[in-house]
Amino acid sequence: MPEVAAIFWVTKALTTAMGEAASDFLVRAMAPEIAVLLGAVAFTVALVIQLRAGRYVVWRYWFAVAMVGVFGTMAADVVHVGLGIPYAVSTVAFAIALAAVFGAWRSSEKTLSIHSIHTRRRELFYWAAVMATFALGTAAGDLVAVTLHLGYLAAALVFSALLLVPAIGYRWFGMNAVLAFWAAYVLTRPVGASFADWLGQPPVRGGLGIGSGRVALVLSLAIGALVVRMTLTQREDRRPLA
């Protein structure tokens, strides 16, 4: 697992926004069924590549996170658009699913800390939790923006304010580190997704109309630049001292 530093959270937020924009673009650029199938294949390939790594490799890890962002968005949207389930119901359902993953993980491994992930079973629990957080965040973001009619920008600001709670709680009030991490991990999803929708969606839907495809491309390039930087930093840290 990567070190949880500022660059981690920036990259995580960008992957959530990219996943939202890429998903919106793909389901409109081709038949939704094909888009979801391609998303599932890409997610599976990325996860297999990550699970085959014997240690933390920057590009493998963030490729997997990015594909979770894309497919997690599609999964949440299929529940609403395809099955007609209201966002309020899917938000609760995904929250229960995430709680179930955490419960099974805690019961089996006695910890939810990402710094203790050194077995295949713990890594599988981790990725199951990540997938659930992306689906939950997507549904919650759409619930606030669409169902509650606040709009994408207002939703992004609401979740950004909520994101300050674990940050401040951990920094100054002794909030449990594991709880703070996972609370922030869940909240970065609707923050990134709401900002992506605000940038990409047409004005008639409350966005700026830049286009989901353009937003996804720019965000992908930004993520790529951060991955290169992290890779170079990792290599520098491993270089033996003269």
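How each quantity is defined
What you see as residue numbers is a count from 1 along each chain, following the sequence as written. Totals for whole chains, interfaces and linings use every residue, but because this is a predicted model, local features are given only for residues with pLDDT of at least 70 and side-chain atom pairs only at 80 or more, for both listing and counting. Derived side-chain values reflect all non-hydrogen atoms in the structure, with water molecules and hydrogen atoms excluded from consideration. In this text, helices come from DSSP runs of H or I with a minimum length of four residues, and strands from runs of E with a minimum of two, each type numbered from the N-terminal end. The reference for a compact globule is 2.2 Å times residues^0.38; the radius of gyration itself is calculated from the C-alpha atoms. Using protein atoms alone on a 1 Å grid, points that fit a 1.4 Å probe yet trap it form a cavity, whereas open point sets bounded by protein on both sides within 12 Å along at least five of seven lines form a pocket; residues with an atom within 4 Å of a point count as lining. Grid points are joined across faces, edges and corners, and a volume is the space filled by probe spheres set on the points. Residues are grouped as follows: Ala, Val, Leu, Ile, Met, Phe, Trp, Tyr, Cys and Pro are nonpolar; Asp, Glu, Lys and Arg are charged; all remaining types, including Gly, are polar. Classification of ring pairs uses Phe, Tyr and Trp, with its six-membered ring standing for Trp, and accepts pairs whose centres are within 6.5 Å; under 30 degrees between planes counts as stacked, over 60 as edge-to-face, and the remaining range as tilted. Relative accessibility decides the category of a residue: with a 1.4 Å probe and only protein chains considered, values under 20% of the type maximum give buried, values over 50% give exposed, and everything between is partly exposed. For a lysine, the NZ atom is tested; for an arginine, the CZ atom; a charge sits over a ring if that atom is within 6 Å of the ring centre and within 35 degrees of the ring normal. Convention adopted: a line fitted to C-alpha atoms gives each axis, helices being fitted over their contacting stretch, and angles between N-to-C directions are expressed from 0 to 180 degrees. Roughly parallel refers to an angle under 35 degrees, roughly antiparallel to one over 145, roughly perpendicular to one between 65 and 115, and oblique to any angle outside these ranges. By convention, the crossing between two helices is left-handed when the near helix turns anticlockwise from the far helix through less than a right angle, and right-handed when the turn is clockwise. The contact definition used throughout considers only heavy atoms, calling two residues in contact when any of these lie within 4.5 Å. For this analysis, a nonpolar core means a set of buried residues of the types Ala, Val, Leu, Ile, Met, Phe, Trp, Tyr and Cys, connected via side-chain atoms within 4.5 Å. Throughout this description, the term salt bridge denotes a Lys or Arg side-chain nitrogen within 4 Å of a carboxyl oxygen of Asp or Glu. A helix is expected to span 1.5 Å multiplied by its residue count minus one. Think of a patch as exposed residues, more than 30% relative accessible area, with no salt bridge, where like charges cluster within 9 Å and nonpolar side chains (Val, Leu, Ile, Met, Phe, Trp, Tyr) cluster within 5 Å. Surface exposure here means Shrake-Rupley accessible area, sampled with a 1.4 Å probe, where a residue is shielded only by the protein chains that are shown.

Visitor: Quick rundown of the overall build of the protein chain? Include the residues and the values.
Guide: Tallying secondary structure elements over the protein chain gives eight helices and zero strands in all. When its helices and strands are written in sequence order, the protein chain yields α-α-α-α-α-α-α-α. Expected size for 242 residues packed as a compact globule is a radius of gyration near 18 Å; at 18 Å, the protein chain falls within 12% of this value. Principal-axis analysis of the C-alpha atoms places the extent of the protein chain at approximately 60 × 35 × 35 Å.

Visitor: How would you explain empty space enclosed by the protein if you had to name every residue and give the values?
Guide: The full count for this structure, using the stated rule, is one cavity of 30 Å³ or more. Space inside the largest cavity adds up to approximately 30 Å³. Lining the largest cavity we find Gly137, Thr138, Gly141, Asp142, Ala145, Tyr152, Ala193, Ser194 and Asp197. Within the residue set of the lining of the largest cavity, elements represented by two or more residues are helix H5 (120–147) and helix H7 (177–200). Among the residues forming the lining of the largest cavity, the class breakdown is three nonpolar, four polar and two charged.

Visitor: Tell me about the packing of aromatic side chains, and name the residues and values.
Guide: The full count for this structure, using the stated rule, is 22 aromatic pairs. Relative to phenylalanine 71, the ring of phenylalanine 43 lies with its centre 5.5 Å away and its plane at 15°, an arrangement referred to as stacked. A residue pair is termed long-range when its members are at least 10 positions apart, and phenylalanine 43 in helix H2 (residues 32–51) and phenylalanine 71 in helix H3 (residues 58–82) qualify at 28 residues. Each of the two residues, phenylalanine 43 as well as phenylalanine 71, counts as buried. Across from the ring centre of tyrosine 185, 4.2 Å away, lies the NZ or CZ of lysine 12, which sits over that ring.

Visitor: Talk me through the packing of helix H1 (residues 6–29) against H7; I want residue IDs and the actual numbers.
Guide: Packed helices, taken two at a time, are described by the angle their axes make and the gap between the axes. Contact geometry of H1 with H7 gives a least axis separation of 8 Å together with a crossing angle of 45°. Overall, the two elements H1 and H7 adopt an arrangement that is oblique. H1 and H7 meet at a crossing whose hand is right-handed. When H1 is examined against H7, the residues Phe8, Trp9, Lys12, Ala13, Thr16, Ala17, Gly19, Glu20, Ala21 and Asp24 are found in contact with a partner set consisting of Phe181, Ala184, Tyr185, Thr188, Arg189, Gly192, Ala193, Ala196 and Asp197. Residues of the contact of H1 with H7, tallied by class, amount to ten nonpolar, four polar and five charged.

Visitor: Residues and numbers for the nonpolar core, please.
Guide: For soluble globular proteins, the rule of thumb is that nonpolar side chains tend to be buried together. Within the largest apolar cluster, 56 residues are counted, with the highest numbers of intra-cluster contacts made by Tyr61, Trp62, Trp105, Tyr126, Trp127, Trp182 and Tyr185. If you list the elements that add at least two residues to this core, you get H1, H2, H3, helix H4 (87–109), H5, H7 and helix H8 (212–238). Sort the elements by how many residues they give to this core and H3 lands first, with 13 residues. Contacts of tryptophan 62, omitting those with residues within four sequence positions, involve Phe8, Thr11, Lys12, Thr15, Tyr56, Val227 and Met230.

Visitor: Outline the pattern of salt bridges, supporting the account with residue identities and numerical values.
Guide: Taken as a whole and judged by the stated rule, the model has three salt bridges. Across the pair arginine 121 and glutamate 109 runs a salt bridge whose closest N-O atoms are separated by 2.7 Å. With a gap of twelve residues between them, arginine 121 in helix H5 and glutamate 109 in helix H4 connect regions that are remote in the sequence. Of the residues examined, arginine 121 reaches a relative accessible area of 52% and is grouped as exposed.

Visitor: Explain H3 to me, using residue names and the numbers behind them.
Guide: Helix length check: H3, at 25 residues, gives a terminal C-alpha distance of 35 Å against a target of 36 Å (1.5 Å per residue), a fit within 8%. Looking one or two residues beyond H3, the residue adopting positive phi is glycine 84, at roughly 75°.

Visitor: So what's going on with H5? Residues and values would help.
Guide: Here H5 contains 28 residues, and its C-alpha end-to-end distance of 39 Å stays within 8% of the 40 Å for a straight helix at 1.5 Å per residue. Most of H5 is tucked away: 22 of the 28 residues are buried. Positive phi appears at histidine 149, one or two residues downstream of H5, with a value of about 60°.

Visitor: Any chance you could break down the environment of leucine 199 for me, citing the residues and the numbers?
Guide: Tracing the chain through its elements places leucine 199 in helix H7. For the pair formed by leucine 199 and arginine 235, sequence separation is 36 residues and the distance between their alpha carbons is 35 Å.

Visitor: How would you explain a nonpolar patch on the surface if you had to name every residue and give the values?
Guide: There is a patch of nonpolar side chains on the surface, built from Leu148, Leu150, Val158, Leu162 and Val165 and spanning about 420 Å² of accessible area. Along the chain, the position of leucine 150 falls in the loop between H5 and helix H6 (152–172).

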